[in-house]
Structures are given as structure tokens and as C-alpha cells.
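Spelled out, the chains give:
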Amino acid sequence: MHWFKDISIKRKLTGIVIVTSTAALLLAGAASFIYERLTFPKNLSHDLASLAGVVGSNSAAAIIFNDDKTAAETLSALQAMPNIVMAQVYRKDSTVLASYLRRGEPLTTLEAPKGFSGENFTPSYVEVFRPISVGAEKVGGIGLRSDLRAREERLWAYGQAGLVVLCLCLLFALGVAGVLQRVVSLPILNLARIARGISEEHDYSKRAVKDTRDEIGSLVDSFNNMLTQIEARDSALIHAQGELEQRVRDLQTEVDERQRAEKGLAVKTAELQRSNAELEQFAYVASHDLQEPLRMITGYTQLLAKRYHDKLDETAAEFIGYAVDGAKRMQGLINDLLTYSRVGTRGKPFAWAQCDKILGDTIVSLRVAIEESGATVTHDALPTVLCDEGQLGQLFQNLLGNGIKYRDSTAPRIYVSCRREGPNWLFSVKDNGIGVDPRYAERIFVIFQRLHTRDQYPGTGIGLAVCKKIVERHGGKIWLESQLGQGATFYFTIPASQNAEGG
Ligand code: ADP
């Protein structure tokens, strides 16, 4: 059946019409052929019975008078009927009075049944016997035999007529197929042409013309509906694409601007780092170089006071005292500044160091202050960390020193502990001193930022800035948790590593 799928609709329609009409005609022909074959002998026997009646009554007188010549003459009239093969007229005692035999037929006899009444059907002929009566008296009988040639002729005529009708039907079928093709396949071909055009030109505004309201009409409707939807989607798509392109352009502009800004930022950061380094270097050099003249000022001012104390009045001695005090403060400030600038510029490479030991050394160096204030310093087991040992010592010293310095009337108690928090060690230095208002918890880490006057608590405001710088150099953070009057806890983190586990 594959070939059927591949041929054109026109051929399919033609084929279907021809096959259907031929099949109908053949069926009708076969039915009439069978009917004719079955009913013909019966009809023929009826005709023969009528004929026997007519010929028999014409032969009745000849039988009574035993006139065989007249009987034979009567029978010879049957020549007019070519299908009659033979006929015989019988006397009352069943002997043959006269016979008729179609020319060319071999001589035989017709066996008359008793009472001269009956029919005989064979495949090639039909025999009919009838009694001949005069009034109520049966005087003899007649028998006729007919061949079935008439049936063949009739069937042959039927066949020819059928053939002619078949040819006419085929012509008609071709005509019908042509019409059907116009009605069915032309609209479909039209649709296909439009669809092809649309797919080539992408013009979705085209529409197929609807000529009928049948299935093809609804196909055209569906096709047009589909085109309407595609057209709507296409325009939505074009719109969306436009928006998308605009968005991409905007984004590109944004990215360009950001890249420009980042470049600018990188340049500024580099500049800042450079100027920072320069500043640190400057601060270091300046504070370092300032120390010497300052020492001279202090030394010579003190010498002046010592040597000429009897020549100077009280006011002069007081002024000299101020000068020495100012020079000493300046020395302290310069020292602190030097320490601050050294964190970035003079730091040592990191090495594994035990925090217990570092803290122990710090406590020793703060021994005088601890004893004077009656402070107690306790701590947990501390880990081994990768650090600049000197700077970590400085960090502990600043925090512990502050804890001792910013005390109230009670003796200071300082507690140092450490625990692991994720990838870091979290250190805490807790004191019971005056505490800090949480509002200033961040400010105190800024250089020179102090919350007290020098008369209340001496200092330069650099210590915590140094602590912040040290912690940040180690990759950690530092912050304060405190309430005014309730002591302060400084936290800082130092990155841990598995090898640095310790206690
Ligand atoms: P300094 O101690 O020289 O003033 P710091 O940078 O060490 O400078 O401290 C800044 C300020 O933070 C101090 O002036 C003080 O007001 C406050 N501060 C620091 N540590 C403590 C503490 N443990 N308790 C209360 N206040 C503190």
C-alpha cells in the first residue's frame, strides 16, 4: 500500500472512482449472470409448455385420423424457432406419429413419460411433454426439446452491454475524478502553496481563501487561525528580541562603565597604597629622626634646670618643667608613632609561635604596672599560631596595658581566653575596668582617638590603632564589646591552620 500513499490526490481520486464503479458493475453483472443462468431453464420450460399446447392442439385431428403427414407438417412449423432441437407427436399408446428434427441434428427419440406430462432439465437442453386432449378425452401427446443457445446469446448480449456500460462508467468516473480533484485537491494544493510561500518569506500576514464550508473549509479556517497565532507570537518575539537587544546594550554600557570605574578604582587604590607606604615610610623616618633632636632638647633643658637652678627664679624653673614635660610627651608620641608605622614597614615574616609564651613574656614586661595596680592576669591554654611574634606580644601588651590603665577604684582583673571559631582562633581580653560606651566601640580604634583627657588617663590614642593594624596584618579582625562602667572585652581573630592546633 506504500505506493498508494505516494501518488497524488488526483490519481488517488481517479483510482478510487474507477475501482468503485468497476466493482459495482462487475458485481451487478455477476448477479444478473447467475440469476439468468438459474431462472432461464424454468422460463424456457414455461415457453415450451405453451408452445406444446399450441402445436398439440393443431395436431389433435392428425392423431385421431392417424395422419402422420399432417402431423409432420404441423411440426415442421417449428423450424421458425431455431432453439427447438426436436419435437415428436405421440399416439395414445405412446408410439410416435410424427417427428421433427432440426437440420443437422443426429436422429434420436424423445422418451415420453407416462401420461405425457413432465419436464426434463439437463445441462444442455430442456424437454417438455404435454398430453393432447379433445374435449375431456386424451388422444395422444407431444414432446419438445430445446437447447440453451438462447441463454448463451442472451448472456453474451448482456456481457457486451455491460462492457459498453463499463466504458461509459469509466469515462464518467474520470469526469467525476476531475471535478473531485478541483473540489478537493486544488484547495489543498493552494494551502500548501501559501504555506510554502510563508515559510520562505516569513510573511505571516498572508491568508488562505475559504471557498467551501466542508472539511476543507474548516482546514482553511484552522490554517488561518494558526497563522494569526503565529503572527501574534512572531511580533511578540520581535518585540521581546528588540527589548532584549536594548537590555544587552544597556548592560554592555553598564559593564563598560563599571570596568572603567574599576580601572579608575584600581589606579586610585594603587596610588593610595603607594602614598600610604610613602607616608608610613615618612612617618617612620620623621619619628625616628625627630627622636635625636628631641632627646637633645630634653637633655639640655634638664641640664639648664640643674646647672642654673640657683640663678633662675621660680617661674623660670616652672617653665623649664613644662618644657621638659612637653618634650617627654612628644617623645612618647613619637615612640608610639614609630611603633605604629613599624607595623606595616618593619614587620617580621610569620613563624609558628606559642601564644602562652608570648603572653607570659608580656606579663613579665608589665610586671611593674601589675604590681603597682595590684592587678591579676589569668588566662586559658592558648594555641600555637602562625604570626609575627613581636607584633603579637605588642598586641597583648597594648590590650593588657589598657586593661590595667582604664581601671576604676577596684584592682584590675584581666582574663585572656581563646577558642576555635571556624577557620579562626578567637581571642578575648576581658577586664573589669571603666568600660566604654558602645557608641565609641569603633572610634577608639582610629589613631589619636581618645575618650579621656590626659589628666584623667595618660596616653597618645595610638595603642588600639596599632592593635588593629597588627591584627589586620595577620588576616584577622578586632572589635570591642563593652558597656560603660561594666568592664570591656576586646576580641580579635587570628587565622588558624590544622598544623597550628595547640593549647
Ligand atoms: P591611649 O590608651 O593611649 O589613649 P588607645 O588607642 O590605647 O590610646 O585607646 C584609645 C581609647 O580607648 C582610650 O583613650 C580609652 O578611652 C579607650 N580604651 C582603651 N582601652 C580601654 C579599656 N580597656 N577600658 C576602657 N576604655 C578603654
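This part covers a nonpolar patch on the surface. A cluster of nonpolar residues, Val164, Leu168, Leu171 and Leu174, forms a patch on the protein surface that exposes about 400 Å² of accessible area. Here Leu174 shows up in helix H4 (residues 149-201). When its relative accessible area of 45% is taken as the criterion, Leu174 is described as partly exposed.

Now for the site of the ligand. Neighbouring the ligand are 20 residues, the closest being Asn402, Tyr406, Arg450, His452 and Leu464. Here an oxygen atom of the ligand and a backbone polar atom of Gly461 are 3.0 Å apart. Interatomic distance of 3.3 Å between a backbone N/O atom of Gly463 and an oxygen atom of the ligand. Out of a free accessible area of 520 Å², the ligand has 98% covered by protein chains. Looking at the shell around the ligand, the elements that each hand over two or more residues are helix H9 (389-405) and helix H10 (463-473). No other element matches H9, which puts three residues into the shell around the ligand.

Most of strand E10 (residues 424-430) sits inside the fold, with five of its seven residues counted as buried. Note that strand E9 (residues 413-421) and E10 share seven bridges and pair antiparallel. Looking at the pairing, Ser417 lines up with Ser428 of E10. Between E9 and E10, which pair antiparallel one after the other, the connecting turn spans two residues, and Gly422 there sits at a positive phi close to 60°. Examined bridge by bridge, E10 and strand E12 (residues 488-495) share seven bridges and lie antiparallel to one another.

Phi angles above zero are rare outside glycine, and His202 is one such case at about 55°. If you trace the backbone, His202 turns up in the loop between H4 and helix H5 (215-307). For Phe448, which is not glycine, the phi torsion reads 70° and is therefore positive. Locating Phe448 in the fold gives a position in the loop between E10 and H10.

This part is about the pattern of salt bridges. For the coordinates displayed, the defined rule picks out 20 salt bridges. Between Arg149 and Asp147 there is a salt bridge, with the nearest N and O atoms lying 3.7 Å from each other. Since its relative accessible area comes to 40%, Arg149 is described here as partly exposed. By relative accessible area, which is 11% here, Asp147 ends up buried. Arg258 is the salt-bridge partner of Glu254, the closest N and O atoms lying 3.6 Å from each other. Here the residue Glu254 and the residue Arg258 both occupy positions in helix H5, the gap between them amounting to four residues, near one helical turn. Residue Glu254 is classed as partly exposed on the basis of its relative accessible area, which comes to 35%. For Arg258, a relative accessible area of 54% translates into the label exposed.

Further remarks concern the nonpolar core. In this structure, Leu392, Leu395, Phe427 and Phe492 are the most contacted members of the largest nonpolar core, which totals 41 residues. Only helix H7 (355-365), strand E8 (384-387), H9, E9, E10, H10, strand E11 (478-482) and E12 provide two or more residues apiece to this core. Sorting elements by how many residues they give to this core places H9 first, with six residues. Ignoring any residue separated from it by four or fewer positions in sequence, one finds Phe427 in contact with Cys355, Leu382, Pro383, Phe396, Ser417, Cys418, Phe490, Tyr491, Phe492 and Ile494. Phe40, Ala71, Ile84 and Tyr100 belong to the second-largest nonpolar core, a separate cluster that totals 26 residues.

Here the domain parsing of the protein chain yields domain 1 (2-171) and domain 2 (347-495). On a C-alpha basis, the centroid separation for the pair domain 1 and domain 2 is 142 Å.

Burial in helix H3 (residues 68-76) covers these residues: Ala71, Thr74 and Leu75. For H3, the buried positions fall inside an angular range of 100° around the axis, keeping them on one side. Of the residues in H3, the exposed ones pointing more than 90 degrees away from the buried face are Lys69 and Glu73. Of the surrounding secondary structure, the elements contacted by the buried residues of H3 are helix H2 (9-64), strand E1 (84-90), strand E2 (96-101) and strand E5 (137-147). Where H3 begins, one side-chain oxygen reaches toward the backbone nitrogen of Lys69, 3.3 Å away; that side chain belongs to Asp67.

Rules behind the numbers
- Residues numbered from 1 in each chain as written.
- Predicted model: local features only at pLDDT ≥ 70, side-chain atom pairs only at ≥ 80, totals over all residues.
- Heavy atoms only, no water.
- Patch = residues over 30% accessible without salt bridge, like charges linked within 9 Å, V, L, I, M, F, W, Y side chains within 5 Å.
- Areas by Shrake-Rupley, 256 points an atom, 1.4 Å probe, with all protein chains shown as cover.
- Salt bridge = Lys/Arg side-chain N within 4 Å of Asp/Glu carboxyl O.
- Helix = DSSP H or I, 4+ residues; strand = E, 2+ residues; numbered from the N terminus.
- Buried < 20%, exposed > 50% of the residue type's maximum accessible area, 1.4 Å probe, protein only.
- Near = heavy atom within 4 Å.
- Polar contact = N/O pair within 3.5 Å; in protein donor to acceptor, adjacent residues only side chain to side chain.
- Pairing = 2+ DSSP bridges.
- Core = buried A, V, L, I, M, F, W, Y, C linked by side-chain atoms within 4.5 Å.
- Contact = heavy atoms within 4.5 Å.
- Domains from an automatic or database assignment.
- Arc of directions from axis to C-beta.

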